[in-house]
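Notes for the structure review
Residue strings, one per chain:
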Amino acid sequence: VETLGGASIICSDKTGTLTQNRMTLMKAYVEGLQEDVSRENSKEIRKLMGYATLCCDGSIRFEDGQVQHIGDPTETAIILGAHNNGMTQAELNSRFPRVAELPFDSDRKLMTSVNQVEGKLLVIVKGAVDMLIPRCIKGNTEKAKEVNEEMSSCALRVIAVAYKEIEELPQDLNTLEQGLTFMGLLGMIDPPRPECAEAVRTCLRAGIKPVMITGDHVVTASAIAKALGILQPGQRAITGAQLDAMTDEELDAQ
């Protein structure tokens, strides 16, 4: 306790600590069309949510009228969005069974499933925008980057979805994530915990500098940090890559 009393900086994880760890799907984009997620989305947006759901391992269930999220909160937000549009995960998986997959990993920041869709093999890839877009050879990726920045600046975490058809499963499944067609973006928010802004204010009054650490895109992270009062005018957010490039002296100065 004595040591803690001498603390001048507190570094905090974001997800589940500063935020509720309860993702909610807010916006969806396909080329030429952006919509708020509702219970009555357009055919194009519904297709995007359906494809993304097929490439999810999380699940939801309902108990006493309440939705229970099982697994990754990003995935369960997508599944609930599709469910609210009349597409249950069970029905989608039954109609379009998965025959192969490349699980998510934190280096690729992607997950891939191969599903049987109307007699064809459909590869569906979802993941971080900056990792997925370079793998796309079709679709307006420049516009997608603009929409991604716009969504991120509103504190939304953005997931990209892409696809392609294949004749047969390749020997090397890693080749599945190349030569894709960009499909769309899904923007979701993990709301801040209501008590956190006051906790941040308490730290600042006590002369303690709060720092938020997160795997989110830097624009998304900055928007949430501003909302909580962590990122003040004149301060900056830096990426892991920028941090790696700093010397210890430069880091001290920052």
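It should be emphasised that the depicted structure is a prediction, and the values quoted were computed from it without experimental measurement.

1. Considering the packing of aromatic side chains
Across all of its chains, the model carries 1 aromatic pair by this definition. Ring plane angle 85° and centroid distance 6.0 Å describe the contact between Tyr 51 and Tyr 163, whose orientation is recorded as edge-to-face. Here Tyr 51 is found in helix 2 (residues 43–54), whereas its partner Tyr 163 is found in strand 10 (residues 157–166), with 112 residues between them in sequence.

2. Structural notes on the nonpolar core
Counting 31 residues, the largest nonpolar core has Leu 48, Met 49, Ile 124, Val 161, Leu 186 and Met 188 as the members making the most contacts within it. Secondary-structure elements contributing two or more residues to this core are strand 2 (24–30), helix 2, helix 3 (73–84), strand 7 (110–117), strand 8 (120–128), strand 10 and strand 11 (180–189). The greatest single-element share of this core, amounting to 6 residues, is contributed by helix 2. When neighbours within four sequence positions are excluded, Val 161 is seen to be in contact with Leu 48, Ala 52, Ile 124, Val 125, Lys 126, Leu 132, Phe 182, Met 183, Gly 184 and Leu 186. Within the second largest apolar cluster, 23 residues are counted, among which are Val 125, Cys 136, Phe 182 and Leu 185.

3. Section: helix 7 (residues 196–205)
Count 3.6 residues to each turn of an α-helix, and residues three or four apart come out pointing the same way. Residues of helix 7 that are buried include every one of Cys 196, Val 200 and Cys 203, and no others. The arc that holds the buried residues of helix 7, viewed along the axis, is 55°, so those residues lie on one side. Summarising the contacts, the buried residues of helix 7 are in contact with strand 1 (9–13), strand 12 (209–213) and helix 8 (218–228). Phi for Gly 207, located one or two positions after helix 7, is positive at around 80°.

4. A short note on helix 8
When we look at burial in helix 8, the residues that qualify are Thr 220, Ala 221, Ser 222, Ala 223, Ile 224, Ala 225 and Leu 228. Buried residues along helix 8 sit in contact with helix 6 (141–153), strand 10, helix 7 and strand 12. One or two steps after helix 8, the chain reaches Gly 229, where phi turns positive at roughly 85°.

5. Digging into the pattern of salt bridges
This structure, assessed with the given rule, holds 16 salt bridges. Where Arg 205 meets Glu 198, a salt bridge forms, and the shortest distance between an N and an O atom there is 3.2 Å. We classify Arg 205 as exposed; its relative accessible area is 61%. What you see here is one network of salt bridges that share partners, running through Asp 105, Arg 108, Arg 135 and Glu 177.

6. Regarding the packing of helix 2 against helix 3
Two elements in contact, helix 2 and helix 3, have axes whose closest approach is 9 Å; the angle formed by their N-to-C orientations is 135°. Viewed along their axes, helix 2 and helix 3 adopt a mutual orientation that is oblique. Judged by the sense of rotation from one axis to the other, the crossing of helix 2 with helix 3 is left-handed. Within the contact between the two elements, helix 2 uses Met 49, Ala 52 and Thr 53 and helix 3 uses Ile 78, Ile 79, Gly 81 and Ala 82. Its residues assigned to classes, the contact of helix 2 with helix 3 shows 5 nonpolar, 2 polar and no charged.

7. A word on the environment of Ala 237
One can find Ala 237 in the loop between helix 8 and helix 9 (240–245). Each C-alpha atom of the pair Ala 237 and Ser 106 lies 21 Å from the other, and the pair is 131 residues apart in sequence. For Ala 237, the residues in contact, after removing those within four places along its chain, are Val 218, Ser 222, Leu 231 and Gln 242.

8. Notes on the confidence of the model for the protein
When pLDDT is averaged along the protein, the result is 94; 100% of the residues meet or exceed 70. Element-level mean pLDDT values for the protein span from 86 in helix 1 (residues 2–5) up to 98 in helix 2.

Criteria and thresholds
- Residues numbered from 1 in each chain as written.
- Predicted model: local features only at pLDDT ≥ 70, side-chain atom pairs only at ≥ 80, totals over all residues.
- Heavy atoms only, no water.
- Phe/Tyr/Trp six-rings, centres within 6.5 Å; stacked < 30°, edge-to-face > 60°.
- Helix = DSSP H or I, 4+ residues; strand = E, 2+ residues; numbered from the N terminus.
- Core = buried A, V, L, I, M, F, W, Y, C linked by side-chain atoms within 4.5 Å.
- Buried < 20%, exposed > 50% of the residue type's maximum accessible area, 1.4 Å probe, protein only.
- Contact = heavy atoms within 4.5 Å.
- Arc of directions from axis to C-beta.
- Salt bridge = Lys/Arg side-chain N within 4 Å of Asp/Glu carboxyl O.
- Axes fitted to C-alpha atoms, helices over the stretch in contact; angles between N-to-C directions.
- Parallel < 35°, antiparallel > 145°, perpendicular 65-115°, else oblique.
- Left-handed = near helix turned anticlockwise from the far one by under 90°.
- Nonpolar A, V, L, I, M, F, W, Y, C, P; charged D, E, K, R; others polar.
- pLDDT = per-residue confidence, 0-100.

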